[in-house]
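A closer look at the structure
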Amino acid sequence: MIQDYTVEKVMDARNSFCPGPLMELIKSIKKGEVDKIYEVWSKDGGSIRDIPKWVDKAKHEMVAVIEENGYTRFQVRKTR
Amino acid sequence: MSKNKTKVLILGGGTGGVIVANLLGRKAKKQAEVTLISNQENVFYEADLPYRVFDKKSLDSQFKPVRKVVNKRVTVLNEEVISLDVENQSVSLKSGASIPYDYLVIATGAHYDYDAVPGFKESAYHFYNEEGIIELRKALNDFVENGKDGKVRNVVVGIADLPFKCPVAPLEGAFMMEHFLRRKKIRKTTNLHYLSPIGGAFSIEQANVHIEKKFKKKNINLHTFFNTETIHTDRKIIESLEGDEIEYDLLLMVPPHRGQDYLNGTPIIDESGWVNVNIKTLQNEDYPNIFAIGDAANLPVSKAGSSAHYQAIATAHNLIDVVKGKFDISQVKERYDGHATCLVMTSLTSAMFFDFNYNRAPFGLGYISNRLFYYFKKYQRFLYFYGFLSGRM
Ligand SMILES: Cc1cc2nc3c(=O)[nH]c(=O)nc-3n(C[C@H](O)[C@H](O)[C@H](O)COP(=O)(O)OP(=O)(O)OC[C@H]3O[C@@H](n4cnc5c(N)ncnc54)[C@H](O)[C@@H]3O)c2cc1C
């Protein structure tokens, strides 16, 4: 897949369990800059459910959810 | 002491440090010179703290002197570690001394950083240490007194930041508060709210179903994805990162946790001060002679006494085998499987029991909230001081 945007920071949370990956994302977004994209990797099934829900609730933007071999990459734009 | 003994240094005389010290002191006495350094004279049993808010008993039975619970062959220093030099393999103490090590076990737990959340110090009460409990008891007394006027008020139980010790403790706080308010006959005029930073009340889905069912039954309002950003003391409002606001009259909140200051600047910690270790060997991957256990470690498992206990046993057995020459430090075994247990108070007289690890959710029977688990919780303190800490159980 060709991306026409750059990711500011990637958090590899594949060694973590729910809610670890979501918390990594929240930490980065909290400290990060508006409009920048943050990416978290997770192997935990709970993340598939929780991360999009949180992004929606916090009114950020889910740029992409990419399935890799055995894990998922979530790319989120900080909007506010 | 013999010069050719291997120097094993344990930092922290809490649950994890004491268990490692006892196992090494007993099982590797010929091979290891074991030293434990702790800045507290006592080892503290914290699992009863939420209950102590409500029963108002003295906290004196919650601790015992470290020297009394640690094997006599272990040297115990009541000192504060102020820095760690991982290259030269030594720690510096506040007294000015420097202590070298061959193998280091970091078990110095967490500290509370009350300033990390604006408004916390001014507005929030907690039960995470003795001072917190004393203040909360007073605030609760006043709340009950004021409640006699029949006005509707809000009690909010929340979490300042993740991770924190014992993920079930705030749940217990909410359940026991609910029962307490009923006993004081002000439940009908009190709205009870629970703020959870994640998508449910508890992180393990199978257990969460049961917790949330109980919340519904007891009319505890659950607010999910509520990551505390600021507490506005003037308006008595808590604001979340997600943009929600909740009003409170009494706010009970888990304080923000961080790793210990002496670790700052070392290459072995993450940005919150937790020591990076392999999740199964508990060994730092860049400095294999360093292990971290319990609350101090950056692990995807609850920061709890029970997990610190199992991690301590795993680490001690690896170190015993290393000092006895059974294998090299680069070959330590994956002895920790993420095991943790917790007895969860679901009222002032009942509890559930969760037993889980990295791969397995809690057993089904543990979800049945009952009086027997409550008695286990009530008397677990004795098992802790006279069983768990020895490393024999
Ligand atoms: C309210 C509450 C309820 C809880 N309920 C439960 C429960 O039901 N079940 C459960 O399993 N767990 C529970 N816990 C968690 C449990 O108490 C801790 O996770 C456990 O004590 C961790 O052990 P540890 O050895 O990692 O750290 P600790 O026991 O905190 O020990 C750390 C030690 O290191 C010392 N130290 C720190 N810094 C330094 C330094 N610079 N120099 C020298 N020494 C230092 C400290 O003074 C302390 O003695 C609860 C905790 C709280 C607060």
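Since the structure is predicted, the reported quantities are computational estimates derived from the model, not experimental observations. (Residues numbered from 1 in each chain as written. Chains lettered and ligands numbered in written order. Predicted model: local features only at pLDDT ≥ 70, side-chain atom pairs only at ≥ 80, totals over all residues. Heavy atoms only, no water.)

Observations concerning helix H1 (residues 15–27) of chain B
- Its 13 residues give H1(B) an end-to-end C-alpha distance of 19 Å, which sits within 8% of 18 Å, the value for a rise of 1.5 Å per residue.
- In terms of burial, H1(B) is largely enclosed, as 11 of its 13 residues are buried. (Helix = DSSP H or I, 4+ residues; strand = E, 2+ residues; numbered from the N terminus. Expected span 1.5 Å × (residues − 1). Buried < 20%, exposed > 50% of the residue type's maximum accessible area, 1.4 Å probe, protein only.)

Section: the site of the ligand
Residue and element names in this part refer to chain B.
- Taken together, 34 residues form the shell around the ligand, and within it Gly16, Asn39, Gln40, Glu46 and Asp295 come nearest.
- Ser38 has a polar side-chain atom sitting 3.3 Å from an oxygen atom of the ligand.
- The contact in question runs from a nitrogen atom of the ligand to an N or O atom on the backbone of Val81, over 2.9 Å.
- Starting from 1,000 Å² of accessible surface for the ligand in isolation, the protein chains cover 93%.
- Contributions of two or more residues to the shell around the ligand are made by H1, helix H2 (49–55) and helix H8 (305–323).
- With three residues, H8 is the single largest residue contributor to the shell around the ligand.
- Within the shell around the ligand, the residues separate by chemical class into 13 nonpolar, 14 polar and seven charged.
- In this structure, the shell around the ligand is formed jointly by two domains, domain 1 (6–110 + 259–339 + 384–390) and domain 2 (114–255), each of which donates at least three residues. (Near = heavy atom within 4 Å. Polar contact = N/O pair within 3.5 Å; in protein donor to acceptor, adjacent residues only side chain to side chain. Areas by Shrake-Rupley, 256 points an atom, 1.4 Å probe, with all protein chains shown as cover. Nonpolar A, V, L, I, M, F, W, Y, C, P; charged D, E, K, R; others polar. Domains from an automatic or database assignment.)

Overview of the environment of Lys94(B)
Residues and elements named next belong to chain B.
- Inspection of the secondary structure assignment puts Lys94 in the loop between strand S7 (90–93) and strand S8 (98–100).
- Taking the relative accessible area as the measure of exposure, Lys94 reaches 64% and is therefore exposed.
- With 15 residues separating them in the primary sequence, Lys94 and Glu79 have C-alpha atoms 6.9 Å apart.

A closer look at the sheet that holds strand S6 (residues 81–85) of chain B
Residue and element names in this part refer to chain B.
- Overall, antiparallel pairing links the three strands, which are arranged S6-S7-S8 in an open sheet. Of all the strands in the sheet, the pair left with one neighbour each is S6 and S8. This sheet shows a mean twist of 20° between the axes of neighbouring strands, independent of strand direction.
- Relative to S7, S6 runs antiparallel, the two sharing four bridges. Directly across from Ser83, in S7, lies its bridge partner Ser92. (Pairing = 2+ DSSP bridges. Axes fitted to C-alpha atoms, helices over the stretch in contact; angles between N-to-C directions.)

Structural notes on the sheet that holds strand S2 (residues 37–42) of chain A
All names here are of chain A.
- If you walk across this open sheet you meet the four strands as S1-S2-S4-S3, and the pairing is mixed. If you trace the sheet from one side to the other, it starts and ends with strand S1 (9–12) and strand S3 (61–68), each paired once. In this sheet, neighbouring strand axes are inclined to one another by 15° on average, regardless of whether the strands run parallel or antiparallel.
- Sheet topology note: the S2/strand S4 (residues 71–77) ladder contains six bridges and is antiparallel. In the strand pairing of S4, Glu39 is matched with Gln75.

Focus on the confidence of the model for chain B
- When pLDDT is averaged along chain B, the result is 97; 99% of the residues meet or exceed 70.
- For this predicted complex, the interface confidence comes out at an ipTM of 0.94, alongside a pTM of 0.97. (pLDDT = per-residue confidence, 0-100.)

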